Amino acid sequence: MSGRFVRSSKYRHVFGQPTRKEQCYDNLRVSKNAWDTNLLKVNPKYLSVNWEAGGGGAFAVVPLHERGKFPEKIPLFRGHTAAVLDTDWNPFNDDLIASGSDDGKIFLWRVPEGFTLHPDVEPDEIQDVAPVGKLSGHPKKVGHVLFNPSAENVLATASGDFSIKIWDIEAGDAKLTLKLGDVVQSLSWSANGSLLVTTSRDKKLRIWDVRQERPAQETQGHSGAKNSRAVWLGEHDRVATTGFSKMSDRQLALWDIRAPREPINGFKVLDSISGVCVPFWDEGTQCLYLAGKGDGNIRYFELENDKFEYLSEYKSSDPQRGLAFMPKRGVNMHQNEVVRIYKSVNDTYIEPISFIVPRRSEVFQDDIYPPTTGLKPAMGPSEWFAGKEAIPPKISLASLYDGEGLQEVTPTLDKPTPTMSAPEPKPAEPAKAPEPAPAPEPTVIRPPPSMKEQGASMAAMVSKYADEDDKDDVDDSSSFEEVARPTERVVTTPPKVETPKIETPTESAAKSKEESTSSKPVEVSPVSASTPVTVTPTIVEPTSTVPADAVQRDIQELKSLIAEQTKTIASQAAQMQQLTAEIESLKAKLG
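Residues numbered from 1 in each chain as written. Predicted model: local features only at pLDDT ≥ 70, side-chain atom pairs only at ≥ 80, totals over all residues. Heavy atoms only, no water.

Tracing the backbone shows Glu 235 in the loop between β20 (229-232) and β21 (238-244). Side chain to side chain, Glu 235 and Lys 394 meet in a polar contact 2.8 Å long. (Helix = DSSP H or I, 4+ residues; strand = E, 2+ residues; numbered from the N terminus. Polar contact = N/O pair within 3.5 Å; in protein donor to acceptor, adjacent residues only side chain to side chain.)

Further remarks concern empty space enclosed by the protein. The tally for this structure, following the rule as stated, stands at three cavities of 30 Å³ or more. The volume enclosed by the largest cavity comes to roughly 50 Å³. Considering the residues around the largest cavity, the lining is formed by Thr 199, Ser 200, Lys 203, Lys 204, Leu 205, Gly 221, His 222, Ser 228 and Thr 241. Elements represented by at least two residues in the lining of the largest cavity include exactly β17 (195-200) and β18 (204-209). The residue makeup of the lining of the largest cavity, split by class, is one nonpolar, six polar and two charged. (1 Å grid on protein atoms, 1.4 Å probe; cavity = no way out; pocket = protein on both sides within 12 Å on 5 of 7 lines; lining within 4 Å. Points joined across faces, edges and corners; volume = space filled by probe spheres on them. Nonpolar A, V, L, I, M, F, W, Y, C, P; charged D, E, K, R; others polar.)

Right, let's get into the UniProt feature "repeat: WD" (unreviewed entry) in the protein chain. Taking the UniProt record as the reference, the feature "repeat: WD" (unreviewed entry) is found at residues 77-119, 135-177 and 184-218. The span residues 184-218 is 0% helical and 66% strand by assignment, and the distance between its end C-alpha atoms comes to 14 Å. (UniProt positions renumbered as here; feature names shortened; annotations may be inferred.)

With that out of the way, let us pick up the pairing of strand β13 (residues 154-159). Summarising burial for β13: six of the six residues are buried, a large majority. Along β13, one buried face is formed by Val 154, Ala 156 and Ala 158 and the opposite face, lined by Leu 155, Thr 157 and Ser 159, is buried too. Pairing between strand β12 (residues 142-147) and β13: five bridges, direction antiparallel. Across the sheet, the residue bridging to Val 145 is Thr 157, located in β13. Between β12 and the antiparallel strand that follows it, β13, lie six residues; Asn 153 among them carries a positive phi value of about 60 degrees. Pairing geometry for β13 and strand β14 (residues 163-168), over five bridges, is antiparallel. Looking across to β14, one finds that Ala 158 is bridged to Ile 164. Connecting the antiparallel pair β13 and β14 is a turn made up of three residues, with Phe 162 showing a positive phi of about 65 degrees. (Buried < 20%, exposed > 50% of the residue type's maximum accessible area, 1.4 Å probe, protein only. Pairing = 2+ DSSP bridges.)

In the structure shown here, the tally under the stated rule is 30 salt bridges. As a salt-bridge pair, Asp 88 and Lys 41 come within 3.5 Å of each other at their nearest N and O atoms. Here Asp 88 is found in strand β8 (residues 84-89), whereas its partner Lys 41 is found in strand β3 (residues 40-42), with 47 residues between them in sequence. On the basis of relative accessible area, Asp 88 is assigned to the buried category, the value being 10%. By relative accessible area, which is 16% here, Lys 41 ends up buried. For Arg 329, the salt bridge is made with Asp 94, and the minimal N-O distance between the two is 2.9 Å. (Salt bridge = Lys/Arg side-chain N within 4 Å of Asp/Glu carboxyl O.)

Take Asp 249: it is sitting in the loop between β21 and β22 (250-256). Taking the C-alpha atoms as reference, Asp 249 lies 5.8 Å from Asp 271; in sequence the two are 22 residues apart. Sequence-distant contacts of Asp 249, defined by excluding residues within four places in its chain, comprise Gly 243, Phe 244, Val 269, Asp 271 and Ser 272. (Contact = heavy atoms within 4.5 Å.)

Right, let's get into unusual backbone geometry. Positive phi, normally seen in glycine, also occurs at Asn 153, with a value near 60 degrees. Mapping Asn 153 onto the fold places it in the loop between β12 and β13. Positioned with a positive phi, Asn 336 is a non-glycine residue whose angle comes to about 55 degrees. Here Asn 336 lies in the loop between β28 (320-325) and β29 (337-345).

A word on the packing of aromatic side chains. Enumeration over the complete set of coordinates arrives at 21 aromatic pairs. For the pair Tyr 46 and Trp 89, a centre-to-centre distance of 5.7 Å together with 20 degrees between the ring planes defines the contact as stacked. Of this pair, Tyr 46 sits in strand β4 (residues 46-50) while Trp 89 sits in strand β8, and the two are 43 residues apart along the sequence. The pair Tyr 46 / Trp 89 is uniform in exposure class, with both members buried. Ring centres of Tyr 289 and Tyr 300 lie 5.3 Å apart, and the angle between their planes is 25 degrees; this geometry places the pair in the stacked category. Of this pair, Tyr 289 sits in strand β25 (residues 287-292) while Tyr 300 sits in strand β26 (residues 298-304); the two residues are eleven residues apart in sequence, bridging distant segments of the chain. (Phe/Tyr/Trp six-rings, centres within 6.5 Å; stacked < 30°, edge-to-face > 60°.)

Next up on the list: the sheet that holds β20. Overall, antiparallel pairing links the four strands, which are arranged β20-β21-β22-β23 in an open sheet. For this open sheet the edge positions go to β20 and β23 (264-271), each flanked by a neighbour on one side alone. Between one strand and the next, the sheet's axes are offset by a mean angle of 20 degrees, whatever the strand orientation. (Axes fitted to C-alpha atoms, helices over the stretch in contact; angles between N-to-C directions.)

Here the focus is the environment of Ile 166. Among the secondary structure elements, Ile 166 is positioned in strand β14. When its relative accessible area of 0% is taken as the criterion, Ile 166 is described as buried. When the C-alpha positions of Ile 166 and Glu 213 are compared, they lie 9.8 Å apart, and in sequence the two are 47 residues distant. Ile 166 has contacts with Val 154, Leu 155, Ala 156, Asp 173, Ala 174, Lys 175, Leu 176, Trp 189, Val 210, Trp 384 and Phe 385, leaving out every residue within four places of it along the chain.

Below, the structure written as structure tokens:
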């Protein structure tokens, strides 16, 4: 059955395209520190690189339009007294960046106007950039810094003191502290900035209600001893993690944040390579990219029906240590580029990898470029710390394609995601269904055609099974249609029998008992209790004399139809059992 159809996807033929060496960013000195971070961060204007610097810590900022080989000495962002471990760009201001260092300090920086790596001065006169702000509070090294994706100027920092601090950088204070009890390996915000997912050295996956300073969910993650990573899947209530098994196999897992006791469909084994697998989520295409440290391969999967469907793999002989993921508003839509990943090669140069949807059309592709987050936050820091939840407004990528600048198309959403509120109204619907059932009128009419209603109910049962069956199976759908056709004959015959029988006895009874007596049994039921004894023989007499044979034939036809339907339902149930057995066996083979 697996070879009968191919899953349809717009991204099945996406391919990775490398960049020529002369168009890369060459002659860099990427940090060789052993701390596990991505080493690179990028936005549509700049690329930050953790720098291998002696006598203190520094990082470099590379303007994306300046390509090729850089001079031996370039202006650095210098101020830390130990190696820089991580950086992160402000999502709402492309000129602001935060850095964390081995010295326990968090610095805030602003890229100067007209910043370039080729200044028109002598090498000895090149001046480094100084920080514009400083956050102190961690007694040990700060290994991760991450801005909130919804609220402005809210920053999360993870430290070697086994805690995460949430900063209001406008006030310069740490307003919240999350205590993990072990070293943080990765962290990722939800789309509305209210929840935070972390992985740590104790192999626990935690989903934090940040403003309550406690984990809302906690479960056992990957069982391997090596580092694991977590990424929030955009506006979904899902989290993806990469890690290792006890046998050091690389794994991928998908988690439901509401019930994360076990991953959905279990842990998926990727390979046996020893490098950490870095996950990137692309909200526009609903695809997950996995880039391995120490190898040159980048796999990508499409999320569909709570499963990661494998698409393809970009392979390269050049291993990568540093990785950065371009925001959607920075991709080249004129070349149908949906994702761009920057990777460091040999710690000396950085190569952009473009992932392109192969299409010939030269117009804007709105189906692969939905609205995305722009530069406007959903709220300020004071609103966020007060408990507000919202998703930032979306911008139209078509306006960027046409060169019209950023144009908002979706306002700020108060709810975190529509998928979380969708299942709530569904259980309320069945409560309304039993209300029309106790109506008195159908109870009087239903006793005579009970046999026919059984046939109709059986046909309805068959139609339910047909809806749940696989749409790609042509044989099952055709068998269900054959059962549905005879039921139409059953529905058309009852009114011919019912309507004359009910109307003629009432008229004959009304004529025999005169007009005055016919109104009394209709109004008062206890008085007419004796009258049905006299009425029933009058109903039987005309039916026995005139249409008795027709009634017998109808009953026989109903019995035969019901017998045929029970046989077909039994055979279809057997077929469904066979199909489910085949599906389970295929799942066992594929899993």
